[in-house]
Amino acid sequence: MIEPEFERLYEDMGRNHIQPLWRAESSVMPSEPAPKTIPWIWKWSQLSSLARRSGELVTLSRGGDRRALGLANPGLGGFPYATATLWAAVQWLNGGEVAPAHRHSAQAVRFMIDGEGAYSTVQGDKVYLERGDFAINPPWHWHDHGSEGDGPAIWMDGLDVPLNNYLDAVFFEQGTKDVQEVTRVVDGSVLKYGLGQLRPAWEAPCQEYSPLCTYKWTATEQALNNLAKVSASPFDDVAIEFTNPHTGRPVMNTMTAWVQMLRPGIHTKAHRQVNSAVYHVFEGRGATIIAGVRFDWEQGDIFVIPSWAYHEHVNASKSERAILFSIQDTPVLVALGKYREEALATNGGHQETKEVFDAERTLAHR
Ligand code: GTQ
Ligand code: FE2
């Protein structure tokens with residue numbers, strides 16, 4: 001019951017588009033993050049068949065120039081956003097197809113899932129992509145992709161589209177030619193910068209984003225195997241971050257990317273961070289317990305860990321490794337002074353698993 005003069009005050013405020021903080025405090029400033037993004041998983045069985053069907057039905061042309069299936073987190077009100085800051089998609093190119101050149105202020109990374117003869121040309125720099133290769137697409141760089149093989153090329157896209165939109169920083173431009181002229185030696189960025197610890201002596205270091213356009217899977221796998229001989233994280237096991245070889249910093253300003261090897265039998269401890277992440281299961285099977293719910297995953301699946309949700313990873317196999325690729329918005333939080341992380345202090349660092357994820361039940365309870 002509110003007294004009439006209070007009611008009148010609030011009505012008059014409302015008419016003047018004013019809201020009193022004392023009535024909105026808990027929604028404006030809750031005691032800790034209350035993300036709209038929810039933990040979710042998209043199964044590869046669905047993703048791959050929907051992508052394949054799109055490949056049969058949908059042609060690539062100017063206007064609808066990318067056959068990318070955007071993952072829409074059910075917590076985000078129908079937007080095709082995987083988290084509040086990150087776009088994630090499965091992109092499918094049929095053999096012989098070209099996704100025509102364009103550029104945008106959104107920053108992009110790609111992780112190759114399958115395909116032979118796939119290429120990406122970024123600002124005249126053409127690189128061939130194989131399974132497990134990681135590629136970056138800095139902001140406002142022209143890019144076209146294609147599959148020169150007979151079969152499809154399939155990869156996961158990660159972009160900062162939701163953040164870019166929220167910040168009203170969107171620019172987009174269509175190229176005049178579908179395929180850019182290749183102005184450098186093919187695979188040139190790998191040849192030039194691919195060894196990381198050595199760079200061309202006459203060039204200044206590249207600060208804004210990584211000069212290396214593609215991180216080859218063979219190098220990534222070797223780094224994982226080497227690191228496993230030395231040490232591992234209690235929370236993430238053998239985890240490596242792609243970095244700009246000139247600065248040691250993440251490859252992009254708004255996004256970083258990791259690859260993790262969960263060794264056979266590993267069950268990591270739980271922690272949580274102020275950042276959101278989208279994970280792709282590159283290899284193996286296992287489970288991630290997110291905020292007390294167990295998400296079982298297998299090769300190809302994509303899942304989301306929202307901000308400030310406790311999570312721990314399990315590889316129950318006795319003999320097979322599991323490999324996870326992820327994109328994370330951490331560089332934004334760090335740059336803005338908002339990053340935090342915390343280990344779970346109770347129960348030996350493990351959550352109590354309340355249930356196994358069930359999509360229908362989750363949606364029914366919302
Ligand atoms: O391949 O250029 O998933 O521009 C979303 C936007 C992919 C791309 C996406 C894009 C692209
Ligand atoms: Fe693009």
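Presented here is an overview of the structure given in this document.

Reading the values: rules and limits
- Residues numbered from 1 in each chain as written.
- Chains lettered and ligands numbered in written order.
- Predicted model: local features only at pLDDT ≥ 70, side-chain atom pairs only at ≥ 80, totals over all residues.
- Heavy atoms only, no water.
- Helix = DSSP H or I, 4+ residues; strand = E, 2+ residues; numbered from the N terminus.
- Rg over C-alpha atoms; globule rule 2.2 N^0.38 Å.
- Buried < 20%, exposed > 50% of the residue type's maximum accessible area, 1.4 Å probe, protein only.
- Contact = heavy atoms within 4.5 Å.
- Areas by Shrake-Rupley, 256 points an atom, 1.4 Å probe, with all protein chains shown as cover.
- Lys, Arg positive; Asp, Glu negative; His and termini not counted.
- Charge placed at Lys NZ, Arg CZ, Asp CG, Glu CD.
- Near = heavy atom within 4 Å.
- Polar contact = N/O pair within 3.5 Å; in protein donor to acceptor, adjacent residues only side chain to side chain.
- Donors = N, O, S within 2.8 Å, 3.2 Å for Na, K, Ca; no water.
- Phe/Tyr/Trp six-rings, centres within 6.5 Å; stacked < 30°, edge-to-face > 60°.
- Lys NZ or Arg CZ within 6 Å of the ring centre and 35° of its normal.
- Core = buried A, V, L, I, M, F, W, Y, C linked by side-chain atoms within 4.5 Å.
- Patch = residues over 30% accessible without salt bridge, like charges linked within 9 Å, V, L, I, M, F, W, Y side chains within 5 Å.
- Salt bridge = Lys/Arg side-chain N within 4 Å of Asp/Glu carboxyl O.

1. A few points about the overall build of the protein chain
Looking only at helices and strands, the protein chain has 8 helices and 23 strands in total. For 366 residues, the compact-globule estimate of 2.2 N^0.38 gives 21 Å, and the C-alpha radius of gyration of the protein chain, at 22 Å, lies within 12% of that figure. Dimensions of the protein chain along its principal axes, counting C-alpha atoms only, are 75 × 50 × 45 Å. Taking all 366 residues of the protein chain together, the buried fraction comes to 49%. Counted over contacts in the protein chain with a minimum sequence separation of 6, partners at least 24 positions apart contribute 76%. Of the roughly 18400 Å² of accessible surface on the protein chain, a fraction of 54% belongs to carbon and sulfur atoms. Charged side chains in the protein chain number 33 positive and 44 negative. The centres of these two groups are separated by 2 Å.

2. Examining the site of ligand 1
Near ligand 1 the following residues occur: R66, A68, W87, A89, Q91, H102, H104, R110, H143, H145, D157 and L159. Side-chain polar atom of Q91 to an oxygen atom of ligand 1: 3.0 Å apart, as the coordinates give it. Note that an oxygen atom of ligand 1 is positioned 2.8 Å from one of the side-chain N or O atoms of D157. Residue assignment for the shell around ligand 1 shows that the elements contributing at least two residues are β3 (87-93), β4 (98-104), β9 (143-147) and β10 (153-159).

3. Describing the coordination of the iron ion (ligand 2)
Ligation of the iron ion (ligand 2) by protein atoms is provided by H102 (NE2), H104 (NE2) and H143 (NE2), these donors lying 2.1 Å from the ion. Motif for the iron ion (ligand 2), donor spacing along one chain: H-x1-H-x38-H. Taken together, the residues H102 in strand β4 and H143 in strand β9 connect sequence positions 41 residues apart. On the accessibility criterion, H102 (5% relative accessible area) is buried. Since its relative accessible area comes to 1%, H143 is described here as buried.

4. Some points on the packing of aromatic side chains
Under the criterion given, the structure shown has 16 aromatic pairs. Here the aromatic rings of W297 and F303 are separated by 6.3 Å at their centres, their planes lie at 5°, and the arrangement is stacked. For the pair W297 and F303, one class covers both residues: buried. One aromatic cluster is present, formed by F111, F134, Y215, W217, F242, F282 and F325 through successive ring pairs. Residue placement shows K126 over the ring face of Y119; its charged tip is 4.4 Å from the ring centre. Above the plane of the ring of F282 lies R131, whose end atom (NZ or CZ) is 3.8 Å from the centre.

5. Describing the side chain of T83
Mapped onto the elements of the fold, T83 is located in the loop between β2 (68-70) and β3. At 3.0 Å, the side chain of T83 and the backbone nitrogen of L86 are in polar contact. With residues near it in sequence (within four places) discarded, T83 still touches T37, L76, P162, S276, A277, V278 and V304.

6. Quick look at unusual backbone geometry
The phi dihedral of H17 is positive, around 60°, even though this residue is not glycine. Checked against the element boundaries, H17 lands in the loop between α1 (4-15) and α2 (25-28). The phi dihedral of W140 is positive, around 65°, even though this residue is not glycine. We classify W140 as partly exposed; its relative accessible area is 32%.

7. Observations concerning the nonpolar core
One finds F134, V259, V278, F303 and F325 to be the most contacted residues of the largest nonpolar core, which totals 56 residues. With sequence-adjacent residues up to four places away left out, F303 is seen in contact with W40, I41, A277, V278, Y279, V281, T288, I290, W297 and L324. Within the second largest apolar cluster, 10 residues are counted, among which are M112, A118, L129 and A135.

8. Description of a nonpolar patch on the surface
Side chains of L21, V28 and M29 sit close together on the surface and give an oily, nonpolar patch of about 320 Å² of accessible area. Here V28 shows up in helix α2.

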